[in-house]
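So you can see what is in the structure, the chains are spelled out below.
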Amino acid sequence: MLLIGGGHAHVAVLADWIRRGLPHGARAVLLTPQPILRYSGMVPGWIAGQHARDDGLVDLATLAQRARVELVLDRCAGIDPDARRVTTASGDVIAFDVASIDTGGEGRAAALLGDDPRLIDVRPIGGFVDRLAALPALTRVVVAGGGAGGVELAFALNNQAGNRAGAPAEVVLVAGEDGLLPGFATAVKRRVARALERQGIAVHHANALIVGGAIMAGNESLEPAEAIIAALGSAAPAWARASGLAVDAAGFIEVDARQQSTSHPHIFAAGDVAARTDRSLAHSGVHAVFAGPVLAANLRSALAGEAPHKTYHPRWNNLYLMNTGDGGAIASYGPLAAEGRWVLRLKHWIDKRWIAKYAVLAGVA
Ligand SMILES: Cc1cc2nc3c(=O)[nH]c(=O)nc-3n(C[C@H](O)[C@H](O)[C@H](O)COP(=O)(O)OP(=O)(O)OC[C@H]3O[C@@H](n4cnc5c(N)ncnc54)[C@H](O)[C@@H]3O)c2cc1C
């Protein structure tokens, strides 16, 4: 059994194996580049000085050890689903009978904006935190991406003075032609727009692009900028498209409601790397988290030689809590919106509870 990627869904699989043992004496390997998973939901809070840098970490190495899973710190560079083999970035080959993929998506900054030494992609999130932490205090920063990630980062950077020395940064948000928070209710968009205005964050409703070394919003130059932070959504890894697994038009691995590959039943996938064929789902951590227990049950069945039968039925509405960096947050639930300090307290409670659950399982809390 091979787990490829230590993402949010695989954390639930490891938890299941710690609680109930590895299914049917299986031998399992977790292939992932880092011994920790950084929880992206707490990164804006770290920038705004509400969390310590290492507050939002899941200890994959200890979870794997307690689940009796061999940890291989490397990355998948290719998968041959018919030969049942993975080739890693360092050239090793790992054979498997059943495999599950939860590697997340990849950054799209350079592909969408162009190259620039100031460009920092939020994916992978661990690299993003390392690069941001290494920068001196910023005075002018451009955030590209009008989705929830970009909005939260703009708020966080605007409030970064508390934990990183220097004057507050001037933050510009380039939301793109689709505007702020596509897919969110009007009531949520209104509250977010008002909060951005209140905090003095300029919003551009044009696409960002780097032209001749300058960061532009449409035809308007946003220079000078010390950093360009890109939160532009996920791209599918190239190895997924090259694998022969069924993928959607964007290259994400097609799965059904059991998180099972539609082309290769011995392969499962969850989180941002997967695309459900029965309904379209946003690439969002909540789906990786909620799919986790379903995936764990179905991997257990597959290893027992039984047909996987659990299905993940995403709710039509999910609760999103956007940290505004100033001590408050904005909640979105379907058509409903709410705002206040209590929303941030709720966000911190939910985030810390999720992290604490895995710290307890790893025996470090
Ligand atoms: C700033 C920000 C804030 C966000 N806040 C929220 C939020 O509040 N709520 C929410 O629902 N979503 C949020 N998101 C989105 C969320 O981060 C992603 O949807 C979520 O992380 C996807 O989980 P995943 O399990 O698919 O992958 P990931 O969490 O990306 O985990 C992938 C894992 O696979 C490993 N890996 C990567 N490549 C390979 C490879 N080739 N081989 C092996 N292993 C590999 C990685 O090291 C990592 O351990 C936010 C995103 C950003 C950028």
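Residues numbered from 1 in each chain as written. Predicted model: local features only at pLDDT ≥ 70, side-chain atom pairs only at ≥ 80, totals over all residues.

What follows is about the sheet that holds strand β10 (residues 119-121). The strand order across the open sheet formed by five strands is β10-β17-β11-β12-β13, and the pairing between neighbours is parallel. What marks the edges here is a single partner per strand, and that holds for β10 and β13 (202-204). Put simply, the sheet's adjacent strands are angled 20° from each other on average, direction ignored. In the sheet, strand β11 (residues 140-144) pairs with strand β12 (residues 170-174) via five bridges, with the strands oriented parallel. Bridge assignment links Val143 to a residue of β12, and that residue is Leu173. On top of the sheet, helix α6 (residues 148-158) reaches β11, β12 and β17 (227-230); it is set at about 170° to β11, its chief contact. (Pairing = 2+ DSSP bridges. Helix = DSSP H or I, 4+ residues; strand = E, 2+ residues; numbered from the N terminus. Axes fitted to C-alpha atoms, helices over the stretch in contact; angles between N-to-C directions. Contact = placed C-beta atoms within 7 Å.)

Let us now look at the domain arrangement of the chain. Along its sequence, the chain is carved into domain 1 (2-33 + 74-106 + 234-303) and domain 2 (109-233). Distance between the C-alpha centres of domain 1 and domain 2: 31 Å. Counting residues at the interface gives six residues for domain 1, matched by four residues for domain 2. Of the residues in the side of domain 1 that touches domain 2, the class split is two nonpolar, three polar and one charged. (Domains from an automatic or database assignment. Nonpolar A, V, L, I, M, F, W, Y, C, P; charged D, E, K, R; others polar.)

Residue Pro124 follows Arg123 across a cis peptide bond; omega there is -5°. The residue Pro124 is located in the loop between β10 and α5 (125-134) in this model. One non-glycine residue, Arg84, adopts positive backbone phi at about 60°. Mapped onto the elements, Arg84 comes out in the loop between β6 (76-80) and β7 (85-88). Despite not being glycine, Gln259 shows a phi value in the positive range, around 65°.

Okay, the pairing of strand β2 (residues 29-32) next. With three bridges connecting them, strand β1 (residues 2-4) and β2 associate as parallel partners. Pairing of Leu2 across the sheet is with Val29, part of β2. At this point the chain moves from β1, through helix α1 (residues 8-20), to the parallel β2, and the crossover so formed is right-handed. Examined bridge by bridge, β2 and strand β5 (residues 70-73) share four bridges and lie parallel to one another. Bridging from a neighbouring strand, Val29 pairs with Glu70 of β5. (Right-handed = clockwise from strand over helix to strand, strands pointing away.)

Around the ligand lies a shell of 36 residues, among which Gly5, Gly7, Gly104, Gly271 and Gly285 are the nearest. Secondary structure elements with two or more residues in the shell around the ligand: α1, β2, α2 (43-47), α6 and α9 (285-303). Class assignment for the residues of the shell around the ligand results in 17 nonpolar, 15 polar and four charged. No fewer than three residues from each of domain 1 (2-33 + 74-106 + 234-303) and domain 2 (109-233) sit in the shell around the ligand. (Near = placed C-beta within 6 Å.)

On to helix α7 (residues 186-198). Here α7 contains 13 residues, and its C-alpha end-to-end distance of 18 Å stays within 8% of the 18 Å for a straight helix at 1.5 Å per residue. Those residues of α7 lying buried are Val188, Arg191, Val192, Ala195 and Leu196. Taken end-on, α7 shows its buried residues confined to a sector of 135°, consistent with a single buried face. Facing away from the buried side of α7 by more than 90 degrees, the exposed set consists of Thr186, Arg190, Arg194, Glu197 and Arg198. Looking at the packing, one finds that the buried side of α7 touches α6, β12, β13, β21 (319-323), β22 (329-333) and β23 (336-340). (Expected span 1.5 Å × (residues − 1). Buried ≥ 20, exposed ≤ 12 C-beta atoms within 10 Å, placed from the backbone. Arc of directions from axis to C-beta.)

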